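Coordinates in review
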Amino acid sequence: MIRRHRLPQALALVLVLQGCSNNPLDAHSTLADLPEPTVPIGEQGIERQDLAQIEANYRAALQMASNPEMRHHIQVRLADLEMARAESAQQQARTLTAFFAEPIAHYEALVAEYRADPAASVASAPDALYYKLSKAYALDGRDAEAAATLNELAKRFPESPYIQEAQFRRAERAFASGDYLLAEQLYRQVAASETSAFADNSLYMEGWSAYKQSQYDAAMARFTELLDNKLAAARLSGEVAGVIEQMSPTDRNLVEDTLRVLGFTYANLDGAQTIAEQQANIGARPYQFLLYRQLGELYLAQQRYLDSADTFARFVNHNPNSDMAPDFSIREILVYQAGEFPSLVLPAKRAYVQRYGIYSNYWQARAGISAPPTAMQAKQVVRTRKPRNMSADALAKLRLYLEQLARHHHSEAQRLEGLLAEGGVTAPSRADINRSFSEAADLYLELVLTFPADKSVPEITFLMAEALNEGQRTIDALAAYENVAFDKRDAEYGAEAGYSAVLLAGELVVRSESGELLESSALAGEPVQSSVWQWQQRKIDDAIKFAEFYPADPRAVKVLTQTAPELLYQGDLKRAAEIAQQVITWQPTAAGDLLYTAWLTLGHAQFEQAQYLEAEAAYWRALDLHSEHGQRPESPSAADLRERIAASIYQQSQAQLAAGNSDAAIDLLLRIHAELPSSTIASQALFDAGHAAQMAGDWRRAESLLNEFAASYPSHELNARLPAKLIVIYEAMGAWGQAAGLLSAQAERSADPEQARQSLLTAAEYYDKADNWEAARDHYRQYAHSYPEPAGELIEVEQRLVELYREKGDISSRDFWLQRVIKSARQAPTERSRYLAASAATTLADAPYQRFKALRLTLPIKSSLSNKRDALDTALKAQQRVLDFKVADFTTRANYTIGEIYLQLARDLMDSERPDNLNVLELEQYDILLEEQAYPFEEKAIGLHEANAQRAWGGIYDDWVKASLKSLAGILPARYNKTEFTVEAAHDIR
């Protein structure tokens, strides 16, 4: 084992320090003279020692050391150890106290030793001693001494590596004490260093020092220099944000603070004008938008709204093609809004649209469009070319401002139109109003062209059409309406647009017919149509599309109905018939006036196409509707319709004669006489029928027909009796329908009111016998509405109508006539009328009773009980109406029903829902309360049923008396449900 002898630590430390203090090269002239190095034998162990032990070793070494240089090094090490101990204690302390007395004493002694004779000093780094002493003073709160020490350091050691920090600390103190000139000079020295870690902060504070001296130009230069250094990596404005994002938090804060103070600097000069002049002098910077933004936001925070808005606007004016320009324009508008300058907001928005819209150089340059596009060209270009580097917010604001401006002009135009309507010397001209509407329409159009995929395009296009229409640009409005309705088929605005298109096309027809020279279209890529028939065709096409695309719109069938006669007028018979058929089969069924027009148009179209059988049927349907819907001035009269029917039948007979079918032809001709006796060709038809029979050799029939002709025309005395005789014949044959038809016709044309009344009533009865339900109903109904007297016949007719509607299950109509029966009975009470009225009231009372039964009592019981009571009142009133007529056959039923109503209410109370949160005792109490509520109603029901049952003693024992007894048996079985038995008795008692 090799022994290692350990020297005393203090002696070892001295030797080490002595070795450090002597240069081994001093004893040797060249490297070759150095002794060969030796490798230590074995491991040299090094023990870990704490700070106190190290300090103790140093102090021991100091006592042993005699070399001045060695002693100086030991003293420096001891001072550093005390400094480290003091810093640690200060960091861990919870109270303020002096920690640095010991290190300060050590450093002061070392500095004093140096000051005494700097030339003879053995200190290898005296500047470090000054630096450490200054630091110790500063940490101990002795700022004046720290500053003095730094001043001496700077004076004695201008080339010291500590000089930059020393000057920076001196500058900081000078700035804090208000000596901004000295601070500026010191900061400038540090900032000039290319290697100093304090250069950026010094440059920043140099600017602040100049600012504090009101040397704003100098301050601006220093701050700008700092931003140039920090943002040098950004070549384009779009890269600035990324460069800042990648900075350390310290640098990012420095940049933000620099921008902030620059804002104050510009504000103290000429504001945005200063920025512009500076950029012109030194050249544009990628970050210049930050300067304008900072100044604008500063003004805004100071509520200098106009200055703020002007700053944002100046950036745009000086940088019109910047990616940031739209955002600055938006900020300008927002500032006007914040400052409540409405008169400036609208022009700013208008300028925004003009500056960045699809017609602007800004948009065209970024979309790669070489020349300003027309509206139609823009529509194509914008779908494929979007502006580069235009932010989503800028586009969103463009869309918003376009709509706001359009709606503003639209509203303003409508306001002007109102002023024009009011009149007065200050009223605007029509031209001014139209100009405002056109401005609104053009803005709507630009919005649609710019944002063709926007969900509001249909609405905006519709508003554009409205503005165009109100501004008397009718053709453009028509094209816009058609676009919304038939191209976009918008669910919300399409129907209204389609209807408006039909109306406008109709207006253009009228204007074209008057010879007006129509204006050219700015929207449609086609020449203006001028021929009347072209506008008519366009109206027809729009009407057909409107009905096709929007069948649920209630106006669709009306528009379609108007189209059929227009097609007929144009000679398009086939399409006219098709459209008329479409109206006839429309679901839900079209209104009567529309059906009337459709049947009439269909008849005309089919007649002109030689479809006489079909035409006749159509005319008959039109005639059925004529009395209610054919009274317009332009409508044909009923006689005209009959003429058309007669003509259709006559043409059918001619076709049969040509085919050799004489009997069929005679029958058709006789139909004209029988069904249309008032038609102008009725006499000719009768004559032709007789002639046809003669030609066929049917002499008796021919004689009969010719005699009939002679009798019927001209003015024969039997003419008035002829219809009556035919009626007798039909009655004898049992041809009730034909007889009814003649009677109906007689009732319609008779000048004698009594004859007309009797004919109408008999016609209704004959139709009834003929099982012609509709005709019978129509005639009975016509009679009931036309003849209130005699009352006995009226109520029988009303009763028959009740029965007819009951057969068809038409409850609503049945109930109407039931009410009429009751009304008639009250106006003319007889035994028969009261019986019918009681029956009617009984039928009507059933619905309220069923509704009452159906209602259940649910929680909350108060609410459902209220509904139940309302239903109770209604049901009882309905039964009382039955009792009012005092007809025994219905009184027992009404009394029974009233009893059941009260019994049902009692049961419903007991069967009502119970609250879930009741315990057993509460539930029992709740049930008792319900029984107390239900008991009076049950007693009421018992009393009513007993009263009804007692009618048996008076000889009335019908089904309802039996029903009351049965109900009583269920309520009071002990009294009313006893088992009967007989007791046999012996008769031979002695």
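Rules used in this analysis
Residues numbered from 1 in each chain as written. Predicted model: local features only at pLDDT ≥ 70, side-chain atom pairs only at ≥ 80, totals over all residues. Heavy atoms only, no water. Salt bridge = Lys/Arg side-chain N within 4 Å of Asp/Glu carboxyl O. Helix = DSSP H or I, 4+ residues; strand = E, 2+ residues; numbered from the N terminus. Buried < 20%, exposed > 50% of the residue type's maximum accessible area, 1.4 Å probe, protein only. Phe/Tyr/Trp six-rings, centres within 6.5 Å; stacked < 30°, edge-to-face > 60°. Lys NZ or Arg CZ within 6 Å of the ring centre and 35° of its normal. UniProt positions renumbered as here; feature names shortened; annotations may be inferred. Axes fitted to C-alpha atoms, helices over the stretch in contact; angles between N-to-C directions. Parallel < 35°, antiparallel > 145°, perpendicular 65-115°, else oblique. Left-handed = near helix turned anticlockwise from the far one by under 90°. Contact = heavy atoms within 4.5 Å. Nonpolar A, V, L, I, M, F, W, Y, C, P; charged D, E, K, R; others polar.

Okay, the pattern of salt bridges next. Counted by the stated rule, this structure contains 46 salt bridges. For arginine 399, the salt bridge is made with aspartate 454, and the minimal N-O distance between the two is 3.0 Å. Of the two residues, arginine 399 is situated in helix H20 (residues 392–422) and aspartate 454 in the loop between helix H21 (430–450) and helix H22 (457–470); the sequence distance between them amounts to 55 residues. For arginine 399, a relative accessible area of 16% gives the class buried. With its nearest N and O atoms 3.0 Å apart, the salt bridge here joins arginine 555 to aspartate 553. On the basis of relative accessibility, which here comes to 12%, the residue aspartate 553 falls in the buried class. Ionic contacts of the salt-bridge type, sharing partners, join the residues Glu184, Arg188, Glu206, Arg222 and Glu225 into one network.

Let us look at the packing of aromatic side chains. One pass over the full model with this rule turns up 26 aromatic pairs. Ring centres of phenylalanine 816 and tryptophan 817 lie 4.9 Å apart, and the angle between their planes is 85 degrees; this geometry places the pair in the edge-to-face category. A relative accessible area of 2% means that tryptophan 817 is categorised as buried. In textbook terms, an aromatic cluster arises when at least three aromatic residues are bridged by ring pairs, as seen for Tyr292, Phe312, Phe315 and Phe328. Over the ring of phenylalanine 549 we find arginine 489; its NZ or CZ atom is 3.8 Å from the centre of that ring.

Attention now moves to the UniProt feature "repeat: TPR" (unreviewed entry) in the chain. Per the UniProt annotation, the sites labelled "repeat: TPR" (unreviewed entry) are residues 289–322 and 596–629. As annotated, residues 289–322 comprises 79% helix and 0% strand, and the C-alpha atoms at either end are separated by 9 Å. End C-alpha to end C-alpha, residues 596–629 measures 7 Å, and it is 91% helix and 0% strand.

Our focus in this paragraph is unusual backbone geometry. Geometrically, the link from glutamine 587 to proline 588 is a cis peptide bond, its omega value of -5 degrees lying close to zero. As for its position among the elements, proline 588 is in the loop between helix H27 (573–584) and helix H28 (592–608). Here glutamate 789 and proline 790 are connected by a cis peptide whose omega angle stands at -5 degrees. Relative to the elements of secondary structure, proline 790 occurs in the loop between helix H37 (773–786) and helix H38 (791–808). A positive phi is found at serine 214, a non-glycine position, where the angle reads about 65 degrees. Locating serine 214 in the fold gives a position in the loop between helix H9 (199–212) and helix H10 (216–230). Positive phi, normally seen in glycine, also occurs at alanine 610, with a value near 65 degrees.

How two helices pack is summed up by the angle between their axes together with the distance between the axes. Between helix H36 (residues 753–769) and H38, the shortest axis-to-axis distance is 13 Å and the interhelical angle comes to 30 degrees. Compared by their axis directions, H36 and H38 come out roughly parallel. Along this stretch, H36 crosses H38, giving a crossing that reads as left-handed. Contacts from Arg757, Leu761 and Asp768 of H36 reach H38 at Glu793, Val797, Arg800 and Leu804. Along the lines of polarity and charge, the residues of the contact of H36 with H38 split into three nonpolar, no polar and four charged.

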